[in-house]
Amino acid sequence: MAEPRKRQRVSHVSNVSQTSSNSVENMFTDSQPDGTGAEGRFVEGSILRITMKNFLTYDYSVVHPGPNLNMILGANGTGKSSIVCAICLCLAGKTAVLGRGDKVGLYVKRGCNKGFIEIELYKSGGNVVIYREIHVENNQSLWMLNGRHCNQKAVEEEVKALRIQVSNLCQFLPQEKVGEFAKMSKIELLEATEKSVGPPEMYEYHCELKNFRNKERDLENVVKEKASFLEKAKQRNERNKHDVNRYYEKKRHLDVIELLEKKKPWVEYETTRKDLEDVKKARDEAKKQLSALKQAQAPMLRKIQLIDNQLKPTEAQIKTKTLAIKEASLKCKQKQDQLDRKHKEIEDIKQTLRLKQMEEEDHQKRISNTRLTIEDLKTELSKVGDQPDVTPRINAVNVELRHIQQERAKIEGEKADLRREQDNLCAESRMLEKKLRDMNNMMNAKEEKLRERHRDTHAALQWLRQNRTLFSGNVYEPMMLVINVKDNRFAKYVETHISFHDLRAFVFQKKDDMEKFMIEVRDKLNLKVNSISAPEESCSKRPPSRRIESLRRFGFFTYLREMFDAPEEVMSYLCHQYRVYDVPVGNEQTKSMIKTVIEEPYLKVLYTTEERYTVKRSFYSNKISTSNSAVHPSQYLTITVDAVEKQQLEQNMKACDLKLRDINERMKALQKEAAALDRRDNELLAEKKQLCELKGKKRQLEQKISTKQDSLRQMEQSVIDLKKVEEETKEKIAAVNTHKVSIVAAIMAQMKLRAKLTMEKVYLALETVGLTAEKTKLENDCREGASELKTTDQKCSRLEQRKVQLTEQCKGLLKTAKSICRMQPDESLPEDLHNAFSKLPDTLDEIDSMLNEERSRAECFTGLSESVVDEYNRREQEIKHLDKELEEKSNALNAYRQNISEAKERWLNPLKQLVEQINDKFGDFFRSMQCVGEVDLHSENEEEYDKYGIRIRVKFHSSTQLHELTAYHQSGGERSVSTILYLMALQELNRCPFRVVDEINQGMDPVNERRVFDIVVRTACKETTSQYFFITPKLLQNLQYAEEMTVLCIHNGAHMLPPNQWDEKAFIKRCRQRKERV
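The structure presented is a predicted model; accordingly, all values stated were derived computationally and were not measured.

1. Describing the overall build of the chain
At step 1: The helix and strand inventory of the chain stands at 26 helices and 24 strands.
At step 2: The buried share among the 1078 residues of the chain stands at 41%.
At step 3: Once local pairs closer than 6 in sequence are excluded, the contacts in the chain between residues at least 24 apart make up 75%.
At step 4: Looking at the chain as shown, the accessible area adds up to about 61500 Å², and 50% of this sits on carbon and sulfur atoms.

This is the structure we're talking about:
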């Protein structure tokens, strides 16, 4: 239980820092007010006491807040936000809520192994004391609840039972999360508001509604699917019903076909048996007729046989004579061929004689022509002997040709040197081009990362590249693209030091260019981008406070500015805004000496291998407070492109191009010189050839005359003797004619022999004709009887074969018929089959006709099988089951809809009333500031409960419209005013035990800050409101204060009184005495 009197609000600190907190209403009075009333104003869950030891800036301190508004004041770095951190961490909040270090061990005072925080919460049945001890070494915590050890889960349950929500920005708004409030979506703001000021069941109803809606959606889908499936099943069965009827009709046809197929073998058997009896009778009649015909034909056949015996010797002699005639004819032909060859031989001899005569004639013509040619050559030789000597001119031409060869060799040497130089330059140009392409690829990779992280900035970059001519001064692309870190290992320091908002910002040399850019990109294209104007006076060359050599003993090896390159205006901005010229970077040695390092003057921000340290010095006591955070790996600047190297490569590329153009010009000039030399060389060679031809012409003519005379002598010696040739020809023709006479004699002898044999053959042929005529007469006489005999014999053979075939066929048909009817071999036809067969046709034609008709009808029912009937029956059962399931799901859906309707009534009506109350308060606060503000419940679809949200709309100027509160549209001060007034609107609803707001007035102008302060005091100091913590480093003068508020002033330093020497009464007495003296 809380003590019955008001506690003395004093903070105790050992030697480094101390907090002193006193209520304003008690500062200048002698006596303490009655504490009973004060404690009675505490609501359940309010904070009665906060104790901190070795926690952030505190060695040891105890804070006793009041039940209403607690104004916590103090200079920067004194420990105001440390109290906020203590509240969050002791009430089982996550470090992410604070937005500071991500490890709980970082909140222990530097140099200590552990620390603890303890909070006492008011509760009607007995106060709740929560204790948390933090260990640095293993980053673990020890929890105690009301003096008993417990785990974090138990603390979270106790805090939840008291309706404390440190993760809810509507209840707990740390300094680092002030900007996050405006970034909350409408849905997040609604949930936070429900948890903060709504009844305990409101958020549960909301969650229940969302779950109901999800289940309803699932059920709707299930019902829809079931109904669709049922409808399809009914449609399929309706279609299949016709198939089932057709199946049974087909089955009736198949039964008839089966009976017809059973009767058909019996009909075939009976028909075949009757045919067999008829064939047997016909065979017997044919045999009798054949025997009678054979007896009548016997005498004539014997006479024909006698004539055949006489004809055979005569025909043999005719064949012999025929062969002898052929042989004689062949020999005649052979002799005729020999005679023809002798005729041709005589023609060949005569042709040879004619050729010799023509050859001699041509020989005489050549002799005559040669003599004429010799005379012409002698005449030309006499003319050539009068020409002058051309040898001196030939020598002069040779000298000039050698000179041209030397000049040409010189030019070729120069061209070879130029080609080698050109090849070297081309190779160098390709290498430079590859390096530039690699650098451009790295720049493209950086652009791709920018596009993935912030598409609006990337879109603005593309616009800038297309419209760069619109700007008069230098305009630089986002910093992350133009900053070039010299070593990848150092990228993490640069990226940690410069915020991402600035890394993606465009840098302008002139402010007019920046305003023009923002109008085009932000206002017209509606892109969310950042832009920066570089300082008018360059800061890029500012010297550091101390030379780096003086810091090397601590492990510092360079300043941050030396780790990267950037354009002049970008570097100037970074030096002005982030003081990169004065931020040293150290190594592990720096980490090990950090206690000594932070004592060094002029060091405000420094880096070790893995951490960033911020050093603050008290303006009053010159004492040091530090904070540190981890240096995270670089995400954007690890891709480095050396701008100087890139510029040098581009210059080298231009130089290579100039040299190549110069070489090409020189090559063209050399080619022109070589062409001129070639033309002169050709002219001289032509002249030399002409002179040489003139010099050697006389010698050539003499040689030609000599050659022609030798040829003439040879031709005169080789004259043909035509008389001798003619005599030889006559002798050859006479010899051939002698052979022709002997051949003709042989031909005549063979022709006589052939004629004799032919006459003998004729006589034999006449004899054969007489016998053949007699034979023909006899054959004609008996031909009719022989034809009838042959026909009768063939008929007997056919009938015998037919009888055997029909006998086997009858046996087979009988066996087949019994087999088809499933009868034993000795069994007779059953009575039922006999009766069924009697109703069917009795002839094969009729049975075949009926079979074809039934089969045609059965084939009309295609695609049917017994499975169709089974499927139809199975689906009928499924349809009944689906009808039942659909009815159950529909009933369940209706029940869910009824539950949703009831839950919606339980949730939506109170929520609308709650939002209306918040809107009334919010609107009143804004009207008191001559502004307009509205809060409403927003939903695009009333049935989508997970899309409901709270929309805040504000208007700070009379000339503008109401705009939704976002992180981009309003200024920082306007967002702060809207945030605090929304929290104050929630404050009067008094659903949570306390609220914390840390330094929310930082971005406000004095007028709005004064108005907001008055609203906070009026609202938070009402008896019906809960506890409120308002943290600020400064306040305006002449503000209105209320007696219900508690002011906690925080100071730190070595000159603060120890806790055991603090005397509040003596302090008040001295203040009063000082006031009276004044």
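2. Overview of a negative patch on the surface
At step 1: A grouping of Asp 721, Glu 726, Glu 727, Glu 728 and Glu 731 is seen on the molecular surface, where their side chains present a negatively charged patch.
At step 2: By secondary structure assignment, the location of Glu 727 is in helix H20 (residues 722-820).

3. A closer look at the sheet that holds strand E1 (residues 47-55)
At step 1: An order of E2-E1-E4-E5-E6-E7 is seen for the 6 strands of this open sheet, with the pairing classed as antiparallel. Each edge of the open sheet carries a strand with a single partner, namely strand E2 (58-63) and strand E7 (148-150). Strand-to-strand twist of the sheet, defined as the mean angle between neighbouring strand axes without regard to direction, takes the value 15°.
At step 2: Of the pairings in the sheet, the one linking E1 to strand E4 (residues 114-121) comprises 6 bridges and is antiparallel in character. Bridge assignment links Lys 53 to a residue of E4, and that residue is Phe 116.

4. Topic: the sheet that holds strand E21 (residues 963-964)
At step 1: Taking strand neighbours across the sheet as the criterion, the 3 strands line up as E19-E20-E21 in an open arrangement whose pairing is antiparallel. The open sheet has two edge strands with one neighbour each: strand E19 (932-938) and E21.
At step 2: Pairing analysis gives 7 bridges linking E19 to strand E20 (residues 949-955), with the strands arranged antiparallel. Across the sheet, Val 932 pairs through a bridge with Lys 955, a residue of E20.

5. Notes on the pairing of E1
At step 1: For E1, a buried count of 8 out of 9 residues is recorded, marking the element as mostly surrounded by other parts of the structure.
At step 2: By the bridge criterion, 5 bridges tie E1 to E2 in an arrangement that is antiparallel. What sits directly across from Phe 55, in E2, is Tyr 58.
At step 3: Taking the residues between adjacent antiparallel strands as the criterion, E1 and E2 are bridged by 2 residues, where Leu 56 takes a positive phi near 50°.

6. Some details on the side chain of Ser 540
At step 1: With respect to the helices and strands, Ser 540 occurs in the loop between strand E12 (531-533) and strand E13 (558-559).
At step 2: A distance of 2.6 Å separates a polar atom in the side chain of Ser 540 from a polar atom in the side chain of Glu 568.
At step 3: If near-sequence neighbours (up to four positions away) are discounted, Ser 540 is found in contact with Arg 561, Glu 568, Met 571, Ser 572 and Cys 575.

7. Some thoughts on the nonpolar core
At step 1: With 51 residues, the main nonpolar core has Phe 517 and Leu 574 as its most contacted residues.
At step 2: A total of 6 residues in this core trace back to one element, the largest contributor, which is helix H16 (residues 568-578).
At step 3: Ignoring sequence-local partners within four residues, the contact set of Leu 574 consists of Met 479, Ile 483, Ile 498, Phe 564, Arg 579 and Val 580.
At step 4: Judged by nonpolar contacts, the second largest core, of 43 residues, contains Ile 47, Val 63, Val 97 and Val 166.

8. Some points on H16
In an α-helix, one full turn covers 3.6 residues, which means residues spaced three or four apart are oriented alike.
At step 1: Of all 11 residues making up H16, 8 are buried, and the element is well covered by its neighbours.
At step 2: Every buried residue belonging to H16 is among Glu 569, Val 570, Met 571, Ser 572, Tyr 573, Leu 574, Cys 575 and Tyr 578, and all of these are buried.
At step 3: Arg 579, located one to two residues past H16, shows a positive phi value of around 50°.

9. Details of the packing of aromatic side chains
At step 1: Per the counting criterion, the structure on display carries 12 aromatic pairs.
At step 2: Judged by centre distance (4.9 Å) and plane angle (50°), the ring pair of Phe 506 and Phe 517 falls under tilted. Of this pair, Phe 506 sits in strand E11 (residues 506-508) while Phe 517 sits in helix H15 (residues 511-524), placing them 11 residues apart in sequence.
At step 3: The ring of Phe 500 carries Arg 453 above its face, with NZ or CZ at 4.1 Å from the centroid.

10. A closer look at the environment of Gly 111
At step 1: Secondary-structure assignment places Gly 111 in the loop between helix H4 (95-98) and E4.
At step 2: Taking the relative accessible area as the measure of exposure, Gly 111 reaches 57% and is therefore exposed.
At step 3: Spatially, the C-alpha atom of Gly 111 lies 9.2 Å from that of Asn 54, the residues being 57 residues apart in sequence.

11. A short note on the environment of Leu 670
At step 1: Note that Leu 670 resides in helix H19 (residues 643-717).
At step 2: Of the residues examined, Leu 670 reaches a relative accessible area of 7% and is grouped as buried.
At step 3: Spatially, the C-alpha atom of Leu 670 lies 8.1 Å from that of Glu 414, the residues being 256 residues apart in sequence.

12. Examining the confidence of the model for the chain
At step 1: Per-chain confidence: the chain averages 78 in pLDDT, with 85% of residues scoring 70 or above.
At step 2: Here residues 1-39 is a poorly scored stretch, pLDDT under 50, and it has 115 contacts once near neighbours within four places are set aside; other chains count.

13. A closer look at the packing of helix H11 (residues 455-466) against H15
At step 1: It is the contact of H11 with H15, at a shortest axis distance of 11 Å, that shows an interaxial angle of 125°. Classified by the interaxial angle, the pair formed by H11 and H15 is oblique. With respect to the hand of their crossing, H11 and H15 are arranged in right-handed fashion. Contacts from Ala 460, Trp 463 and Leu 464 in H11 reach Phe 517, Glu 520 and Val 521 in H15.
At step 2: The class makeup of the residues in the contact of H11 with H15 is 5 nonpolar, no polar and 1 charged.

14. Comments concerning a nonpolar patch on the surface
At step 1: On the surface, Met 759, Val 762, Tyr 763 and Leu 766 cluster together into a nonpolar patch covering about 430 Å² of accessible area.
At step 2: On the basis of relative accessible area, Met 759 is assigned to the partly exposed category, the value being 43%.

15. Concerning unusual backbone geometry
At step 1: Even without a glycine there, the phi angle at Asn 139 is positive, about 60°.
At step 2: You can see Asn 139 is positioned in the loop between strand E5 (128-135) and strand E6 (140-145).
At step 3: The backbone of Arg 163 shows a phi angle near 65°, a positive value even though the residue is not glycine.
At step 4: Inspection of the secondary structure puts Arg 163 in the loop between helix H5 (152-161) and strand E8 (172-173).
At step 5: Residue classification places Arg 163 among the partly exposed residues on the basis of a relative accessible area of 21%.

16. Observations regarding H5
At step 1: Residues of H5 that are buried include every one of Val 155, Glu 158 and Val 159, and no others. Summarising the axial view, the buried residues of H5 lie within an arc of 100°, below the 170-degree limit, and thus occupy one face. In H5, the exposed positions angled more than 90 degrees off the buried face are occupied by Lys 153, Lys 160 and Ala 161.
At step 2: Packed against the buried residues of H5 are helix H3 (80-90), E5, E6 and E7.

17. Side note on the environment of Asn 398
At step 1: Tracing the chain through its elements places Asn 398 in helix H10 (residues 391-453).
At step 2: For Asn 398, a relative accessible area of 18% puts it in the buried group.

Thresholds, definitions, all that
Residues numbered from 1 in each chain as written. Predicted model: local features only at pLDDT ≥ 70, side-chain atom pairs only at ≥ 80, totals over all residues. Heavy atoms only, no water. Helix = DSSP H or I, 4+ residues; strand = E, 2+ residues; numbered from the N terminus. Buried < 20%, exposed > 50% of the residue type's maximum accessible area, 1.4 Å probe, protein only. Contact = heavy atoms within 4.5 Å. Areas by Shrake-Rupley, 256 points an atom, 1.4 Å probe, with all protein chains shown as cover. Patch = residues over 30% accessible without salt bridge, like charges linked within 9 Å, V, L, I, M, F, W, Y side chains within 5 Å. Salt bridge = Lys/Arg side-chain N within 4 Å of Asp/Glu carboxyl O. Lys, Arg positive; Asp, Glu negative; His and termini not counted. Charge placed at Lys NZ, Arg CZ, Asp CG, Glu CD. Pairing = 2+ DSSP bridges. Axes fitted to C-alpha atoms, helices over the stretch in contact; angles between N-to-C directions. Polar contact = N/O pair within 3.5 Å; in protein donor to acceptor, adjacent residues only side chain to side chain. Core = buried A, V, L, I, M, F, W, Y, C linked by side-chain atoms within 4.5 Å. Phe/Tyr/Trp six-rings, centres within 6.5 Å; stacked < 30°, edge-to-face > 60°. Lys NZ or Arg CZ within 6 Å of the ring centre and 35° of its normal. pLDDT = per-residue confidence, 0-100. Parallel < 35°, antiparallel > 145°, perpendicular 65-115°, else oblique. Left-handed = near helix turned anticlockwise from the far one by under 90°. Nonpolar A, V, L, I, M, F, W, Y, C, P; charged D, E, K, R; others polar. Arc of directions from axis to C-beta.

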